[in-house]
Amino acid sequence: MPRSESDSEDDDLPGMPEYGADNARGLLDGKGYKDNSARLKEKLSAAEADARNGDGDEDDVMEGDWQHFADVRWKLNHAKLLYMINKYAQPAKTAEEEESWVRNVPLIVLIYEGIVAGVLDFDYAPQSVLISQDGTSKRSFMNVTQEGKSAIDDLREKKLINGLKLSTEDFQPVTAYQISSLGIEFLRQVPNKVKLDVDNYIHGPKPFHEKLLQVALRRAPGEDDVIEQHFYLTAEGGYERRSTITEVEDVSYVSSPFLPLSVRKSEKPTTSNAHRAGEAATGESNIKDELSEAIHLAHVSLLVGEWIPFGSNQIVALNERLGAMDRCQGGLFTSKIDNDPTGTQFKVPPGLTEVNILDYDLIGCINFEAEINYPEDEGIVQVENFGMHLNVDGTIMCGLKIEAIMERKADDISLDMLSRLLVDVQKDSSQIMNDLLSAYQRSLLSMIFNGDQNQRCKYNMVIAEAIDPKLGAEEYMDRGDNENELKQVIGDIQGVHDIGADDVLVLGRDGLLFAGPNSRRHETLLLFYLSLLVRDMFIRVFFVRTFVLDDLLKKIRKLIVEHEKDPNNIPIVRALLNTASRDIILLQEILSYLFESLQQMDVPDRPEDEAGGTLYKVLNMSNMRRDVIIRVEDLNKLVHGAQHELQNLSAMTDVINTKQLEDVFKNVEANTKYLVDASATNERASASLEVMQMLLAGMFAFDIIDHISGGTLGLSTPWWVEQWINEPIVARFPFLWFAINLAWLALFCFLILRLMRHLADLSTGFLTLRVKVNAKINLEKMDLFLADKPIDVTDSMEEPTVATKKVAWQEKDKMLWAGGAPPKIEVIFDVQYGFLLSVLFHLDQKKSELDEDGLMRIFTANLAEHGVLEDYEPPKSKHSRGKTAAAPDAAAE
C-alpha cells in the first residue's frame, strides 16, 4: 500500500510489503495524474489541429516535401544540424585540398548555443564530459543534449555525415564529423530560410557577421586553485564571448538519507525529511530551457557509487576520526588542518558537514548520515542529507531518498530534474569524501586521475517503485524521447530488460535504473553489481593512466638518446625518472588494493523466484567478476613492463652519469697536472727572482755610496770626501774602500732580507672559516642589511631550478667584532626560496681574539637584530680556542 510522506524509509523496509502492478498503478493514479503517454497524445492532437487551422509556429510553415530524402522524412532539427556541420566540415573537392572535420566536443557546444538561441528544438541536461587539451584531460559538467546526439547518429546511419575516430595525446578517444556527398545533395533541397536561421547564430554579431564562430577552451585556476574550464566562442577580428554550456543549472530539492539494509550493521532508523518536502516548492531553479518530460518516476532512491583504495587501517583511522567509538558520536566536520592548536579562536569558511554515525564495524565499514551545509545560489533551497557507506573493500556508496524536487513530490519525479540533482550529488559527495580521505589516499587519487580527482566519474543507481509510462523493455529503446531521457541519467543505454511482469531494468554506461514495485527485493544483487561496476569504471581510468605512464617513459628515452644535443636533458631526465618511479610505486599499491578487494567478493546465490533468477541472469555477475579479475591481472602485466622499462632507463642514465663523471675526473687530472707544472715553474722563477732581488739590492747599495760623493753626477768631489775618504783610506790602504763597499753590500742585503721576511709574516696568521648554514631568511630584510655594507663583490648565478647570489664585503665596526680587526665576510644565499646557504670569514687573528664560534655568534646575532635570520642556533666548532664567551660581550658593547 502507498506510503505517507511522513513515513521514514526504514519503517517500510523490515516488513517488506507485497507490491504488485495494480498497487503501483494505484499509487500513481492516487497522486493525481494519469499515464503521461495519454497527455502527450493530447498535445500532439492539439498541435495537428493548430497546423490544419494555420495556427502553427514558424517551423511548421517551413516544413514541406523537401524533407523527404533517402526514404526518410527528416525533421527541421536534422536539416539545421546537417547545415551547421556543413559550414564547419566539408570533404575535399580535389586531391590538392585538405578535408575539414568538426570535433565532437565543439559540436556539442555549437548545438547548445543553437538551443539557447531558439534555433534548435532540443532538450539538454548536465553530463560529465572528459575534455582534452594540451596533452591533459579533465572532466567537466556540460549541458549536453541527448536529442542532438541522437540526431547526429540518425544522420550517420543514413550516410549523410561521415565519422572519424582518432585519439588525443593522452590517449582519449575523439570523434569528428564531416558532411558527406549525400548530405550535400540533401542540403540542395533545404529552404534558404532554414539555412538562414543557422547562419544567424553560428556567425558573430555585426561587424563580425561574416566571420564563422570558432569554439575555444580555456583553463584557469578558480576557487581553492581548482582548474576551471570554460568554452569561448570567438571570431576572427577580436570578437569573443563565453558560452554558458559549463554552467550547470540548479534545482531546489529535499532529500533524506538512504542506505540499503544489506549494508547496515544495526536497525537504527535513518532521518526522514519527508515533512520538509514542501520547502522545495518554495525554492527556485535557474533552468533556462523549457523541459519536455517523457518519463516520470515515483519514490526514487539514489545510490551514487565509486571505488577508492581502502584498507583496514584506513577504516579504523576513519572510525576514530569520526568519533564512532566516542560517547558523543559524529558532529560537524571539516578537512581544514589546524596549524595552531593552542590558539584561542579558529575560523573556517562556510559549508561544514554534519556527520551522524549510524553503525560501524571497526575494521570492516562505517555507515553514517551526512547533512550538507554548503552555500547555494540565492533562492535555491537544497536539503541535502546523504547516507554514506564506506567499506574496507573500497566500495563507496552515497545514498539518498528524494522527497521532492521543486513542486514535484516524491511520487512525481521527472528524469530531466533528476539529472540536474545527480550533478549536485556527485559534486557534494566528492567534497565529502575528499574531507574524509587520508593524505595518502588523496595522493593515490590525484595520481590515477592526473590531478582531476575532484571531477572523477561515478556510477548512478536509480531505484524507483514505479515508472510512468510503464512500457515493455524494447519500447524504451525508441531512439526518441524515452531513450534520450534515460541517457541523461545513466549514460548510453546498453540494454533494457523486463524483470518479471512488473519491473524493468535499464542498464547504461554510467548507471542503471531499476523501476517497479519489487525493486527493493533485489537489493543484494543490485549492490553486488554496483560494486563490480565501480571497479570497472576505476579500471578504465587505470588503463588510460598506464598509457600516460608509457608516454612518459618514451619521452625519457628520447631525452636520454638525445642528451648530447641539449645539456639540460640530464637534469630533466632525473626529474622525470623520479616522477615515473613514484607513479609506478603508487600504481602497484593500487593494484594490490584491487586484488585484495576482489578476493573478498563472493557472488551471491541465484534467487529461487523467477524474477530474481531473471535479474541474476541479466546481470551476469559471475562472468563480470571473472572479467574484472582478468583485467586487473592484465594491468599488473602493464605496470610490471613499465617497471622494467624504468629500470632500463635508470641504467642508461647511470651510464651517462658515469661518463660525465669520467670527463670531470679527466678535466681535474689535466688541471692538476697543469697546476703542478705551473707550481714547479713558479718555484724556479721565485729562486731566480730572489737572486735578481739581491743583485738589484747590491746595485742600489753601490749607487747609494756613489751618489753620496756625487761621483755620477759630473760634480766636483766635495772636500769632505777628499779629506775623510780619499786621503786616509783610498790613497793609503789599497782595497780597503772595496772591502768597505762589500761590507755595506752585505749589511744592506741583510736588511732587505729581514724586511721581506717581515712582510711575509704579515700575510700569515689569517683565519678562514667557511660555515654551511642552510637557514631560512627574510629576503627583503637581507637586502636592507646589505644596503649598509661596503660591497666589494657581487656575483649571481641563475639556473632553471636554482638562483643564488654571492656578496662579499669588509666589515668596518671594530667594536662589533670585540674591538679587534673586523673580518671580511662573504655570504651565499638562495634568492628564489630565501635560504642563507653558507658564510665565509677572513680574519687576521694577529689583531683579533675571536675564534670560530665567536665569529658565527656575532654574525648570526647581527642578522637576527636586523630581522634577517630567526630561530637559528649556530653550530659549535670543534676547534674553538675557548674564547667564545668574549664574543657576545663584545657584540653587546
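Residues numbered from 1 in each chain as written. Predicted model: local features only at pLDDT ≥ 70, side-chain atom pairs only at ≥ 80, totals over all residues. Heavy atoms only, no water.

Chemist: Would you mind showing me how to read the overall build of the protein here?
Modeler: Tallying secondary structure elements over the protein gives 23 helices and 28 strands in all. Summarising the internal contacts of the protein: among those between residues at least 6 apart in sequence, 68% fall at separations of at least 24. Of the roughly 46200 Å² of accessible surface on the protein, 52% is carried by carbon and sulfur atoms. (Helix = DSSP H or I, 4+ residues; strand = E, 2+ residues; numbered from the N terminus. Contact = heavy atoms within 4.5 Å. Areas by Shrake-Rupley, 256 points an atom, 1.4 Å probe, with all protein chains shown as cover.)

Chemist: For this particular structure, what's the right way to read the sheet that holds strand β7 (residues 173-179)?
Modeler: Within a sheet, each strand pairs with its neighbour through backbone hydrogen bonds, oriented either parallel or antiparallel. On the basis of which strands lie adjacent, the open sheet formed by 3 strands has the order β3-β7-β6 and antiparallel pairing. A strand with exactly one partner marks an edge of an open sheet, and here the two such strands are β3 (102-103) and β6 (161-167). Judged from the 7 bridges that link them, β6 and β7 form a sheet pairing that is antiparallel. Of the residues in β7, the one forming a bridge with Asn 162 is Gln 178. Packing against the sheet, helix α5 (residues 76-88) makes contact with β3, β6 and β7, and its axis sits at approximately 100° to β7. (Pairing = 2+ DSSP bridges. Axes fitted to C-alpha atoms, helices over the stretch in contact; angles between N-to-C directions.)

Chemist: Honestly, the packing of aromatic side chains in this entry has me stumped. Any pointers?
Modeler: A ring pair, where both rings are aromatic, is described by two values, the distance of the centres and the angle of the planes. Following the criterion strictly, the structure yields 12 aromatic pairs and no others. For the ring pair Phe 208 and Tyr 239, a centre distance of 5.6 Å and an interplane angle of 35° mean the geometry is tilted. You can see Phe 208 sitting in the loop between α9 (192-202) and β8 (214-221) and its partner Tyr 239 sitting in strand β10 (residues 239-242), a full 31 residues away along the chain. One exposure class covers both Phe 208 and Tyr 239, and it is buried. An aromatic cluster of three or more residues is present, and its members are Trp 66, Phe 69, Trp 74 and Phe 186. Positioned above the aromatic ring of Tyr 232 is the side chain of Arg 218, whose terminal nitrogen or guanidinium carbon lies 4.3 Å from the ring centre. (Phe/Tyr/Trp six-rings, centres within 6.5 Å; stacked < 30°, edge-to-face > 60°. Buried < 20%, exposed > 50% of the residue type's maximum accessible area, 1.4 Å probe, protein only. Lys NZ or Arg CZ within 6 Å of the ring centre and 35° of its normal.)

Chemist: What should I look at first to understand a negative patch on the surface in this one?
Modeler: A surface patch of like charges, here negative, comprises Glu 474, Glu 475, Asp 478, Asp 481 and Asp 498. If you trace the backbone, Glu 474 turns up in the loop between β20 (459-468) and α14 (481-490). (Patch = residues over 30% accessible without salt bridge, like charges linked within 9 Å, V, L, I, M, F, W, Y side chains within 5 Å. Salt bridge = Lys/Arg side-chain N within 4 Å of Asp/Glu carboxyl O. Lys, Arg positive; Asp, Glu negative; His and termini not counted. Charge placed at Lys NZ, Arg CZ, Asp CG, Glu CD.)

Chemist: Would you mind showing me how to read the sheet that holds strand β27 (residues 824-830) here?
Modeler: The strand order across the open sheet built from 5 strands is β24-β28-β27-β26-β25, with neighbouring strands paired in antiparallel fashion. Edge positions in the sheet fall to β24 (766-776) and β25 (791-798), since each has one partner strand and no second. Strand after strand, the sheet turns through a mean of 10° between neighbouring axes, direction not considered. Looking at chain direction, β27 and strand β28 (residues 835-844) are connected through 7 bridges and run antiparallel. Bridged to Lys 824 within β28 is His 842. Lying over the sheet, helix α21 (residues 779-787) contacts β25, β26 (803-810) and β27, oriented at roughly 155° with respect to β27. Against the sheet, helix α22 (residues 852-865) makes contact with β24, β26, β27 and β28, and its axis sits at roughly 130° relative to β28, the strand it touches most.

Chemist: Please clarify how the pairing of β25 should be interpreted in this entry.
Modeler: Along any regular strand, the residues point their side chains to alternate faces of the sheet. With 7 bridges connecting them, β25 and β26 associate as antiparallel partners. Pairing of Met 797 across the sheet is with Thr 804, part of β26. Two successive antiparallel strands, β25 and β26, enclose a turn made up of 4 residues.

Chemist: Just checking my understanding: could you explain the packing of helix α16 (residues 569-599) against helix α18 (residues 621-708) for this structure?
Modeler: The description of two helices packed together rests on the angle between their axes and the distance between the axes. The interhelical angle for the contact between α16 and α18, taken along N-to-C directions, is 155°, at an axis separation of 9 Å. Looking at the two axes, α16 sits roughly antiparallel to α18. Considering the relative orientation of α16 and α18, their crossing is left-handed. Its residues assigned to classes, the contact of α16 with α18 shows 19 nonpolar, 9 polar and 3 charged. (Parallel < 35°, antiparallel > 145°, perpendicular 65-115°, else oblique. Left-handed = near helix turned anticlockwise from the far one by under 90°. Nonpolar A, V, L, I, M, F, W, Y, C, P; charged D, E, K, R; others polar.)

Chemist: What am I meant to see in the pattern of salt bridges here?
Modeler: Where charged atoms of side chains with opposite charge meet at close range, the side chains can pair. Overall, the coordinates contain 28 salt bridges when judged by the stated rule. Residue Arg 479 pairs with Glu 157 through a salt bridge whose shortest N-O separation is 2.9 Å. A residue pair is termed long-range when its members are at least 10 positions apart, and Arg 479 in the loop between β20 and α14 and Glu 157 in helix α7 (residues 146-157) qualify at 322 residues. Taken together, the shared-partner salt bridges in this structure form one network comprising Glu 293, Glu 407, Arg 408 and Asp 412.

Chemist: Help me out: how do you make sense of unusual backbone geometry in this one?
Modeler: For residues that are not glycine, phi is negative in most cases, and the peptide bond is trans in most cases. The residue after Lys 206, namely Pro 207, is reached through a cis peptide bond having omega 5°. Looking at the element boundaries, Pro 207 is found in the loop between α9 and β8. Note the cis peptide between Asp 468 and Pro 469, where omega equals 5°. Structurally, Pro 469 is set in the loop between β20 and α14. For Asn 620, which is not a glycine, the phi torsion comes out positive at approximately 50°. With respect to the element layout, Asn 620 can be found in the loop between α17 (610-619) and α18. Using a relative accessible area of 35% as the deciding quantity, one classes Asn 620 as partly exposed.

Chemist: Can you help me understand the packing of α7 against α14 in this one?
Modeler: Running from N to C, α7 and α14 cross one another at 125°; their axes reach a closest spacing of 9 Å. On the basis of their axis angle, the class for α7 and α14 is oblique. For α7 against α14, the interelement crossing comes out right-handed. For the pair α7 and α14, the contacting residues are Gln 146, Glu 147 and Ser 150 in the first and Asp 481, Asn 484, Lys 487 and Gln 488 in the second. When the residues that make up the contact of α7 with α14 are grouped by side-chain class, the tally is no nonpolar, 4 polar and 3 charged.

Chemist: I keep staring at the nonpolar core and nothing clicks. Help me out?
Modeler: General note: in soluble globular proteins, nonpolar side chains tend to be found buried as a group. Among the nonpolar cores identified, the biggest contains 126 residues, and Leu 297, Phe 368, Leu 390, Leu 418 and Ile 556 are the most heavily contacted of them. At 20 residues, helix α15 (residues 523-561) tops the list of elements feeding residues into this core. When residues no more than four places from it in sequence are discounted, the contact partners of Leu 390 are Phe 310, Ile 315, Leu 318, Gly 364, Cys 365, Ile 366, Phe 368, Thr 395, Ile 396, Met 433 and Leu 436. If you look at the next biggest cluster of nonpolar residues, it comprises 52 residues, including Met 62, Tyr 83, Val 105 and Phe 208. (Core = buried A, V, L, I, M, F, W, Y, C linked by side-chain atoms within 4.5 Å.)

Chemist: What exactly am I supposed to notice about the side chain of His 522 here?
Modeler: As for its position among the elements, His 522 is in the loop between β23 (511-515) and α15. We classify His 522 as buried; its relative accessible area is 6%. Leaving out residues up to four positions away in the same chain, His 522 has contacts with Asp 503, Phe 514, Asp 609, Ala 611, Gly 612 and Leu 615.

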